[in-house]
Amino acid sequence: MRTLFSPRGVAVVGASSRLETLPGKALVRLRQHDFRGTVIAVNPRHATMHGYDCVGSVLDLPDGIDVAMLMLRADLVPQAVRDCGARGIAVAVVLSSGFEDSEAAAELNAELLAAIVASRVRVVGPNCEGIWSIPSALTLTFGSAADRARLLGGPVSIISQSGSAGGACIRELQDRGVGCRYFVSSGNELDLSTLDFCEFMMDEGGSSVIAMFIEGLRDGGRLRQLAARARQRHVRLIALRAGQSEQGQVATMSHTGRVATAAAVYRDVFAQCGVLEVATLADFIDAIELAAGQDRLPATPVRTDREREPRRGLGVVAISGGSRALLADAAERHRVPLAQFTAETERTLAELLPRFGYHRNPVDTTGALIADQAGFERVLRTVAADENVDTVLVQYANGGDRQLPGHAALFRALSAEAGKPFVAGLLAGRRELTGPPGLEGIVVARDPAESIKKIAWLYRLRTPAAPVPGGTGSGPAESGTAQEPADLSWSQRAALTERIGIPLAAWRTARSADELYLAAAELRPPLVVKATPEYAEHKTEAGLIQLGLRTPDEALDALRRIQSQLGPGTPVLVQEMLSGRQEMLVAARTDQDLGPVVAFGFGGVLAEWARDLCYLSLPASASEIRAGLASLRSWELLQAFRGRAPRDVDALVAAVLGLAREYSRSLAGWEIEFNPLLVGARGEGVRAVDILCAPPPAALGIR
């Protein structure tokens, strides 16, 4: 990586003398920003090109060339990479396209990958727009974003799997004066990946913000460790993921498979890792600017725990009384906590404000106070000094775009004095006010909703990444499934459930009337009779489960109906029916992008309709699991309401943790699901009534 971003010399392979073409523009960009190393063009028809020496082939390059930019037809790229290896060139930046989805592209990908392995050349791309390294004055790209007189350095590095989206982002950051340090258009990532670049940028030490435009991570299991290191180094990670409506690669036979989307898994794992995820390119750029310009962050992370209302949070001073409701609505939507002022703060504000003002949070100063500079300052100082306030928002009325510049010095002084960020909110203010000279260090938003959204970003940038649990299961998950048969019998599933540490509802199996009557005599009614899972994973739709059976004859009738569909002698499962318990879903699977994850949330036959699940990257801790449960809509169903006792959340957390640990230890690649997992009242524990097991493709001989 250091060679890539600080090369002694570069070669442009396929360079053109026609400046209007992309291969011609690549040489223009290098000269435009005065790269200090050697530049050699490769084109057999020229001896020089745009003032640079030109050679006929990669094999003719002189010593001292560390990086080659390949702008060739796709079918010529593999040989060019092999030639780079022969000349001792460390990295090839492959701008060529033609490696996308098609049969021919698959063959080219395989050939290029073989060339990479054989030559030991590392590859950026293919199908990328190149790299920037501002410390080395290197713009190895044809992109128009670099077509400017001067490139501004800064604390931000950008990695983008989309060249155009990354170029738009880097251009806007240059225009806004934020600047950048490194930019990588990573393209198809056949070799070097987003997280490879992220790791270098983090360890190199010059980037305080690393922003990633992601379509998918093929090595996302590394994200936890990298995010933890980023926190240690005070590096803020921001992500925008494209294709958020796309279904992830999931097993269609499970509820989690049908409920899980790539967007949902990424959302929760990003949150677990402390990565700020945004939804649009405009938000991506705004969030980067915000993160790069703030050295003060709120002390209180956004809370997802609804067991108690936080006392600490945002303090609002509103000059526009009508905006207070808008701010409160947006704060609830973005889960930004509003501070509860101390009694002393409220008494002081009541004395300072006009009689028709409001002295609790959000404060209404009324328009009368804005003309009283000393009084306005006393109100702000009082709010900023409150021990429960960790961020201050000043929401202006219609004159804010004129008034804010005159207040900027005061805001900066109070922010430094209190050690808390200040945010200035306008009412549809002019866009050019966001970030002009004189407002450095102050977050400016155009309307109340944008104010709260930016404050939510500040909180999430402050939220620490959960530490990676140590001990059993803390390393890469080991596949311990080779000894398991591809299709587990019910008794094997029951043994696996016991190994995980989740108790099953009392059960027996039966194939005949005699066995059925014996089972009914040993179990307490009402009973459930259903097909065993190796014969039918999902039973409700097929009529292969009968509930609420109170007599042995009713159970026998259910046995006969199930065997009429599945065949005489087919075993059925007879279980005690548990009522009054909350149905939840607990599962583990290996995500194609992010590796092993555990999922939990609302369960039962309506799981797919509710789509209320939280996903955590493994290994996961009990505190992460509890916080994830508290973030769900179904959290309320686990609490006391309408005379029902609270559910046994501790037992549910223990069940999820048991599955997470066993999955990390021995079940990697499988899909394991308990649905429903029945959660009793506090102290009653949990009970499983079924376990779905899908082996990894390798266990079935599928490649």
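A quick note: this is a predicted structure, and the numbers were derived from the prediction, not measured.

Novice: Looking at this structure, I do not really get the overall build of the protein. What am I missing?
Specialist: If you tally the helices and strands in the protein, you get 21 helices and 29 strands. Reported as C-alpha extents along the three principal axes, the dimensions of the protein are approximately 95 × 80 × 40 Å. Taking all 703 residues of the protein together, the buried fraction comes to 56%. Element-wise, carbon and sulfur atoms account for 50% of the exposed surface of the protein, whose accessible area totals about 28800 Å². Of the charged side chains in the protein, 75 are positive and 80 negative; the average position of the first set lies 4 Å away from that of the second.

Novice: Is there a simple way to think about the sheet that holds strand 23 (residues 572–576) in this case?
Specialist: Picture the strands of a sheet paired through backbone hydrogen bonds; they go either parallel or antiparallel. Strand order in the open sheet formed by 4 strands is 20-23-21-22, with antiparallel pairing between adjacent strands. Edge positions in the sheet fall to strand 20 (507–510) and strand 22 (545–549), since each has one partner strand and no second. If you compare each strand with its neighbour and ignore which way they point, the axes differ by 20° on average. Pairing of strand 20 with strand 23, which is carried by 4 bridges, proceeds in the antiparallel orientation.

Novice: Any chance you could explain unusual backbone geometry here in plain terms?
Specialist: Residues other than glycine predominantly adopt negative phi, and peptide bonds predominantly adopt the trans conformation. Of note, the amide linkage connecting glycine 125 to proline 126 takes the cis form, showing an omega dihedral of 0°. Following the sequence through the fold, proline 126 ends up in the loop between strand 7 (122–124) and strand 8 (130–133). The linkage connecting leucine 618 with the following residue, proline 619, adopts the cis geometry, with an omega of 5°. Looking at where proline 619 falls in the secondary structure, it is placed in the loop between strand 26 (613–617) and helix 20 (622–630). Not every positive phi belongs to a glycine, and arginine 120 is a case in point at roughly 65°. Looking at where arginine 120 falls in the secondary structure, it is placed in the loop between helix 4 (103–119) and strand 7. The exposed category is assigned to arginine 120, whose relative accessible area is 73%. Although it is not a glycine, arginine 611 sits at a positive phi angle of roughly 50°. Locating arginine 611 in the fold gives a position in the loop between helix 19 (607–610) and strand 26.

Novice: Is there a simple way to think about the packing of helix 11 (residues 323–333) against helix 15 (residues 448–462) in this case?
Specialist: When two helices pack together, their arrangement is given by the angle between the helix axes and by the axis-to-axis distance. Viewed as axis vectors pointing N to C, helix 11 and helix 15 meet at an angle of 35°, and their least axial separation amounts to 9 Å. For the pair helix 11 and helix 15, the crossing hand works out as right-handed. Counting all contacts with helix 11, which are made through Ser323, Leu326, Leu327, Ala330, Ala331 and Arg333, the residues of helix 15 involved are Pro448, Ala449 and Ile452. A breakdown of the residues in the contact of helix 11 with helix 15 according to their chemical character gives 7 nonpolar, 1 polar and 1 charged.

Novice: Just checking my understanding: could you explain the sheet that holds strand 3 (residues 48–49) for this structure?
Specialist: Strands sit in the order 3-4-2-1-5-6-7 across an open sheet of 7 strands; the sheet is mixed. Pairing within the sheet leaves two strands with one partner each, and these edge strands are strand 3 and strand 7. Where strand 1 (residues 9–13) meets strand 5 (residues 67–70), 4 bridges bridge the pair, whose relative direction is parallel. Opposite valine 12, over in strand 5, you have methionine 69 as the bridge partner. Its contacts with the sheet put helix 2 (residues 22–32) on strand 1, strand 2 (38–42), strand 3, strand 4 (52–55) and strand 5, and the angle it makes with strand 1 is roughly 160°.

Novice: Before we go on, may I ask you to explain the packing of helix 7 (residues 223–232) against helix 9 (residues 262–273) in this structure?
Specialist: Closest axis-to-axis distance for the helix 7/helix 9 pair is 9 Å, and the angle between their directions is 35°. The two elements helix 7 and helix 9 meet at a crossing, and its hand is right-handed. Contacts between helix 7 and helix 9 pair Leu223, Arg224 and Ala227 from the former with Val269, Phe270, Gln272 and Cys273 from the latter. Class assignment of the residues belonging to the contact of helix 7 with helix 9 gives a composition of 5 nonpolar, 1 polar and 1 charged.

Novice: I keep staring at the environment of leucine 632 and nothing clicks. Help me out?
Specialist: Checked against the element boundaries, leucine 632 lands in the loop between helix 20 and helix 21 (649–666). The class of leucine 632 is buried, set by a relative accessible area of 3%. The sequence separation of leucine 632 and alanine 105 amounts to 527 residues, and the corresponding C-alpha distance is 43 Å.

Novice: Would you mind showing me how to read helix 18 (residues 552–566) here?
Specialist: For an α-helix the count is 3.6 residues per turn, leaving residues at separations of three or four pointing the same way. Taking 1.5 Å of rise per residue, 15 residues should cover 21 Å, and helix 18 covers 21 Å from first to last C-alpha, within 8% of that figure. Every buried residue of helix 18 is listed here: Ala555, Leu556, Ala558, Leu559, Ile562 and Gln563. Taken down its axis, helix 18 places every buried residue within 160° of arc, on the same side. Exposed and oriented more than 90 degrees from the buried face of helix 18 are Asp553, Arg560 and Ser564. The inward-facing, buried residues of helix 18 contact strand 20, helix 17 (513–522), strand 21 (527–531), strand 22 and strand 23. Of the residues flanking the end of helix 18, it is glycine 567, one or two places downstream, whose phi is positive at about 115°.

Novice: What am I meant to see in the packing of aromatic side chains here?
Specialist: The description of an aromatic ring pair rests on the distance of the ring centres and on the angle between the ring planes. With the rule as written, the count across this model stands at 7 aromatic pairs. Both rings, one in tyrosine 182 and one in phenylalanine 200, keep their centres 5.7 Å apart while their planes meet at 55°; by these two values the pair is tilted. Pair noted here: tyrosine 182 is in strand 11 (residues 180–185) and phenylalanine 200 is in helix 6 (residues 194–204), with a separation of 18 residues, a long-range link. Residue tyrosine 182 is classed as buried on the basis of its relative accessible area, which comes to 3%. For phenylalanine 200, a relative accessible area of 9% puts it in the buried group. Each residue in the set Phe5, Tyr182 and Phe200 is aromatic and connected to the rest through ring pairs, giving one cluster. Against the face of tyrosine 52 rests arginine 31, its NZ or CZ located 4.2 Å from the ring centre.

Novice: Please explain the pairing of strand 18 (residues 422–425) as it appears in this structure.
Specialist: Sheet faces and side chains relate simply in a regular strand, where the side chains alternate between the two faces. Across the two faces of strand 18 the burial is the same, with Phe422 and Ala424 and Val423 and Gly425 all buried. Taken together, strand 17 (residues 389–395), helix 14 (residues 400–418) and strand 18 form a β-α-β motif whose crossover is right-handed. With 3 bridges joining them, strand 18 and strand 19 (residues 443–445) adopt parallel strand pairing. The residue bridging glycine 425 from the neighbouring strand is alanine 445, located in strand 19.

Novice: Help me understand a nonpolar patch on the surface, please; the structure alone is not making it clear to me.
Specialist: A cluster of nonpolar residues, Val605, Leu606 and Trp609, forms a patch on the protein surface that exposes about 390 Å² of accessible area. According to the relative accessible area criterion, valine 605 is exposed, its value standing at 62%.

Novice: Where do I start with the side chain of aspartate 196 in this structure?
Specialist: Its location among the elements puts aspartate 196 in helix 6. A polar atom in the side chain of aspartate 196 sits 2.9 Å from the backbone nitrogen of serine 193. Excluding anything up to four places from it in sequence, aspartate 196 contacts Met1, Asp191 and Arg222.

Novice: Before we go on, may I ask you to explain the state of the cysteines in this structure?
Specialist: Chemically, a disulfide is nothing more than a covalent bond linking the sulfur atoms of two cysteines. Scanning the model with the defined rule gives 0 disulfides in all. For the unlinked cysteine cysteine 128, the closest cysteine sulfur is that of cysteine 84, found at 13 Å.

Novice: Whenever I open this one, helix 16 (residues 490–500) confuses me. Can you help?
Specialist: For helix 16, the set of buried residues is Trp490, Arg493, Ala494, Leu496, Thr497 and Ile500. Mapping the buried residues of helix 16 onto a view down its axis gives an arc of 160°, with all of them on the same face.

Basis of the calculations
Residues numbered from 1 in each chain as written. Predicted model: local features only at pLDDT ≥ 70, side-chain atom pairs only at ≥ 80, totals over all residues. Heavy atoms only, no water. Helix = DSSP H or I, 4+ residues; strand = E, 2+ residues; numbered from the N terminus. Buried < 20%, exposed > 50% of the residue type's maximum accessible area, 1.4 Å probe, protein only. Areas by Shrake-Rupley, 256 points an atom, 1.4 Å probe, with all protein chains shown as cover. Lys, Arg positive; Asp, Glu negative; His and termini not counted. Charge placed at Lys NZ, Arg CZ, Asp CG, Glu CD. Pairing = 2+ DSSP bridges. Axes fitted to C-alpha atoms, helices over the stretch in contact; angles between N-to-C directions. Left-handed = near helix turned anticlockwise from the far one by under 90°. Contact = heavy atoms within 4.5 Å. Nonpolar A, V, L, I, M, F, W, Y, C, P; charged D, E, K, R; others polar. Expected span 1.5 Å × (residues − 1). Arc of directions from axis to C-beta. Phe/Tyr/Trp six-rings, centres within 6.5 Å; stacked < 30°, edge-to-face > 60°. Lys NZ or Arg CZ within 6 Å of the ring centre and 35° of its normal. Right-handed = clockwise from strand over helix to strand, strands pointing away. Patch = residues over 30% accessible without salt bridge, like charges linked within 9 Å, V, L, I, M, F, W, Y side chains within 5 Å. Salt bridge = Lys/Arg side-chain N within 4 Å of Asp/Glu carboxyl O. Polar contact = N/O pair within 3.5 Å; in protein donor to acceptor, adjacent residues only side chain to side chain. Disulfide = S-S within 2.5 Å.

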